[in-house]
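As a plain string of letters, each chain reads:
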Amino acid sequence: MRIIVDAMGGDNAPESAVWGGALAAKEYGEEVLLVGKPEIVANVLKEKGLSEVKGITIMPANDLVDMHDDPATVLRRKPDSSMAVAFKLLKAGEGDALVSAGNTGALLTGATLYGGRIKGIRRGALAPVMPCANGQVMLCDAGANTECTAEMLLQFAFLASLYAEKINGVVKPRVGLVNNGTEDTKGDPLRKEAYALLKKAGDEGRLNFVGNVEGSMVPLGACDVAVCDGFTGNVILKLTEGVAKMLLGMLKQMFLANFGGKIAYLLLKGGVSDLKHQMDSEEYGGAPFLGAKQPVIKAHGSSKAKGIKNAIRQAKTCVENDLCGTMQSALDELAAANKPEE
């Protein structure tokens with residue numbers, strides 16, 4: 001298996017991507033293609049003492065996509081950027097999956113332009129995993145589509161439910177529709193129409209739909225998959241990250257405030273460590289771009305080496321489980337079930 005890594009994408013690139021890629025190659029035993037400026041990539045490997053790691057191949061790309069570049073045009077304007085070259089390699093069959101912490105919009109554009117979408121998918125969606133009270137919840141969409149139709153939300157539900165089951169190991173994932181109330185009469189026209197479609201799919205046994213969920217219910221574990229438009233999802237994701245950082249910071253200040261707090265920390269050290277581990281976005285790796293024909297994983301822009309390594313692990317699992325093929329088969333069944341009788 002070969003995983004392509006955009007070595008120049010992300011706030012902490014190239015160090016994070018190169019280091020994380022080498023760690024992944026060493027730990028998982030798979031080939032990692034590091035796409036970027038050869039001399040820079042080689043220097044990072046040397047500095048980290050990873051030059052001799054087996055399974056690392058440096059693929060040259062002499063430009064990069066900046067976070068401020070126009071997502072819709074940058075890959076055409078910068079054909080020798082690390083992200084554009086990475087997508088060309090994926091399209092040519094030189095790799096089985098792609099990982100990048102770079103410009104989100106450009107990554108989504110590239111996944112569509114170079115790889116294409118699964119047949120029947122109107123729009124792909126970003127689906128990050130967030131911690132919740134009873135484990136984790138997948139948020140879909142989290143930023144790829146700020147405006148959606150009810151049919152798109154239904155597709156997001158199927159895609160994310162399949163991912164939660166096949167990759168995250170959730171049995172019969174509970175699908176909830178993010179809304180401003182739990183009653184079936186709540187929401188704007190989009191939410192009401194989406195509710196009707198999701199309920200129909202649930203009644204027919206094609207989804208485990210549990211109804212509307214309010215924003216406060218998502219982190220409390222009301223569902224395994226929270227379906228929403230990309231604007232709402234992105235706000236939920238960023239707000240959750242901000243609140244988590246604030247609470248962990250307040251917890252640290254409380255423990256360091258006085259001698260009693262320090263003693264309490266020593267007594268609770270194991271629990272605090274588990275909490276930090278659960279709230280660490282680096283542990284989850286990244287967000288899959290559901291709907292793409294080949295696995296594309298968007299790592300967090302601020303990912304460090306651990307985050308990139310775990311994003312590669314995520315890509316590896318997608319390939320091993322033929323996620324894209326499984327999704328195509330499921331969507332074909334969905335289309336057949338919805339086809340009007342002649």
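What counts, and where the lines are drawn
- Residues numbered from 1 in each chain as written.
- Predicted model: local features only at pLDDT ≥ 70, side-chain atom pairs only at ≥ 80, totals over all residues.
- Heavy atoms only, no water.
- 1 Å grid on protein atoms, 1.4 Å probe; cavity = no way out; pocket = protein on both sides within 12 Å on 5 of 7 lines; lining within 4 Å.
- Points joined across faces, edges and corners; volume = space filled by probe spheres on them.
- Helix = DSSP H or I, 4+ residues; strand = E, 2+ residues; numbered from the N terminus.
- Nonpolar A, V, L, I, M, F, W, Y, C, P; charged D, E, K, R; others polar.
- Expected span 1.5 Å × (residues − 1).
- Buried < 20%, exposed > 50% of the residue type's maximum accessible area, 1.4 Å probe, protein only.
- Polar contact = N/O pair within 3.5 Å; in protein donor to acceptor, adjacent residues only side chain to side chain.
- Pairing = 2+ DSSP bridges.
- Salt bridge = Lys/Arg side-chain N within 4 Å of Asp/Glu carboxyl O.
- Right-handed = clockwise from strand over helix to strand, strands pointing away.
- Axes fitted to C-alpha atoms, helices over the stretch in contact; angles between N-to-C directions.
- Contact = heavy atoms within 4.5 Å.
- Phe/Tyr/Trp six-rings, centres within 6.5 Å; stacked < 30°, edge-to-face > 60°.

### Some thoughts on empty space enclosed by the protein
Here comes step 1: Overall, the coordinates contain three cavities of 30 Å³ or more when judged by the stated rule.
Here comes step 2: Considering only enclosed or pocket space, the largest cavity measures out at about 80 Å³ in volume.
Here comes step 3: Those elements that provide at least two residues to the lining of the largest cavity are strand E11 (286-290), strand E12 (296-299) and helix H11 (323-338).
Here comes step 4: When grouped by side-chain class, the residues that make up the lining of the largest cavity number 11 nonpolar, two polar and no charged.
Here comes step 5: Estimates place the volume of the second largest cavity at around 50 Å³.
Here comes step 6: Around the second largest cavity, the lining residues are Val 129, Gln 136, Val 137, Met 138, Ala 164, Asn 168, Val 170 and Asp 224.
Here comes step 7: No other element matches the three residues that strand E7 (residues 135-140) contributes to the lining of the second largest cavity.
Here comes step 8: For the lining of the second largest cavity, the residue count by class is five nonpolar, two polar and one charged.

### Remarks on helix H8 (residues 230-256)
Here comes step 1: Taking 1.5 Å of rise per residue, 27 residues should cover 39 Å, and H8 covers 39 Å from first to last C-alpha, within 8% of that figure.
Here comes step 2: All of the buried residues along H8 are Gly 230, Gly 233, Ile 236, Leu 237, Ala 244 and Phe 255.
Here comes step 3: The residue sitting at the N-terminus of H8 and contributing the capping side-chain oxygen is Asp 229; that oxygen lies 3.1 Å from the backbone nitrogen of Phe 231.

### Let's talk about the sheet that holds strand E2 (residues 31-36)
Here comes step 1: Within the open sheet, the seven strands sit side by side as E3-E2-E1-E4-E12-E11-E5. Their pairing is mixed. Of all strands in the sheet, those with a lone pairing partner are strand E3 (56-60) and strand E5 (125-126), marking the two edges.
Here comes step 2: The sheet contact formed by strand E1 (residues 2-6) and strand E4 (residues 97-100) spans three bridges and is parallel. Its bridge partner lying in E4, Ile 4 is registered against Leu 98.

### Considering the pairing of E7
Here comes step 1: Sheet topology places strand E6 (residues 129-132) next to E7; four bridges connect them, and they run antiparallel. Counted as the bridge partner of Met 130 is Val 137 from E7.
Here comes step 2: Following E6, the chain reverses through two residues before pairing antiparallel with E7.
Here comes step 3: Here E7 pairs with strand E10 (residues 225-227) via three bridges, running parallel. Looking across to E10, one finds that Cys 140 is bridged to Val 227.

### Side note on unusual backbone geometry
With the exception of glycine, the majority of residues adopt a negative phi angle, and the majority of peptide bonds are in the trans configuration.
Here comes step 1: For the bond running from Ala 13 to Pro 14, omega is 5 degrees, close enough to zero to count as cis.
Here comes step 2: Take Pro 14: it is sitting in the loop between E1 and helix H1 (15-28).
Here comes step 3: Omega for the bond connecting Cys 140 with Asp 141 falls within 30 degrees of zero, at 15 degrees, which places this linkage in the cis form.
Here comes step 4: With respect to the helices, strands and loops of the structure, Asp 141 is situated in the loop between E7 and helix H6 (150-166).
Here comes step 5: Here Lys 172, not a glycine, exhibits a phi torsion of approximately 45 degrees, which is positive.
Here comes step 6: Topologically, Lys 172 is positioned in the loop between H6 and strand E8 (174-178).
Here comes step 7: Phi is positive for Asp 322, close to 45 degrees, though the residue is something other than glycine.
Here comes step 8: Among the residues examined, Asp 322 registers a relative accessible area of 46% and is labelled partly exposed.

### Quick look at the pattern of salt bridges
Here comes step 1: Throughout the structure, instances matching the rule amount to 12 salt bridges.
Here comes step 2: With a closest N to O distance of 3.0 Å, Glu 27 and Lys 309 form a salt bridge. Residue Glu 27 is located in helix H1, and its partner Lys 309 is located in helix H10 (residues 305-320); the two are separated by 282 residues in the primary sequence.
Here comes step 3: Put simply, Arg 174 and Asp 224 hold a salt bridge, and the shortest N to O gap is 3.1 Å.

### Notes on the pairing of strand E9 (residues 208-213)
Consecutive residues of a regular strand have side chains that alternate between opposite faces of the sheet.
Here comes step 1: The sheet contact formed by E8 and E9 spans five bridges and is parallel. The residue bridging Arg 174 from the neighbouring strand is Asn 208, located in E9.
Here comes step 2: On the question of chirality, the crossover connecting E8 to the parallel E9 by way of helix H7 (residues 189-203) is right-handed.

### Quick notes on the sheet that holds E7
Here comes step 1: Spatially, the five strands line up as an open sheet ordered E6-E7-E10-E8-E9, and their pairing is mixed. The open sheet is flanked by E6 and E9, the only strands paired with a single partner. The average angle at which neighbouring strand axes cross in this sheet is 30 degrees, direction not considered.
Here comes step 2: Relative to E10, H6 is tilted by about 165 degrees, and along the sheet it contacts E7, E8 and E10.

### Let's talk about the packing of aromatic side chains
Here comes step 1: Enumeration over the complete set of coordinates arrives at two aromatic pairs.
Here comes step 2: Between Phe 87 and Tyr 114 the ring centres are 5.8 Å apart and the planes differ by 10 degrees, which places this aromatic pair in the stacked class. Linking Phe 87 in helix H4 (residues 82-91) with Tyr 114 in helix H5 (residues 104-115), this pair joins segments that are 27 residues apart in sequence. Neither residue differs from the other here; Phe 87 and Tyr 114 are each classed as buried.

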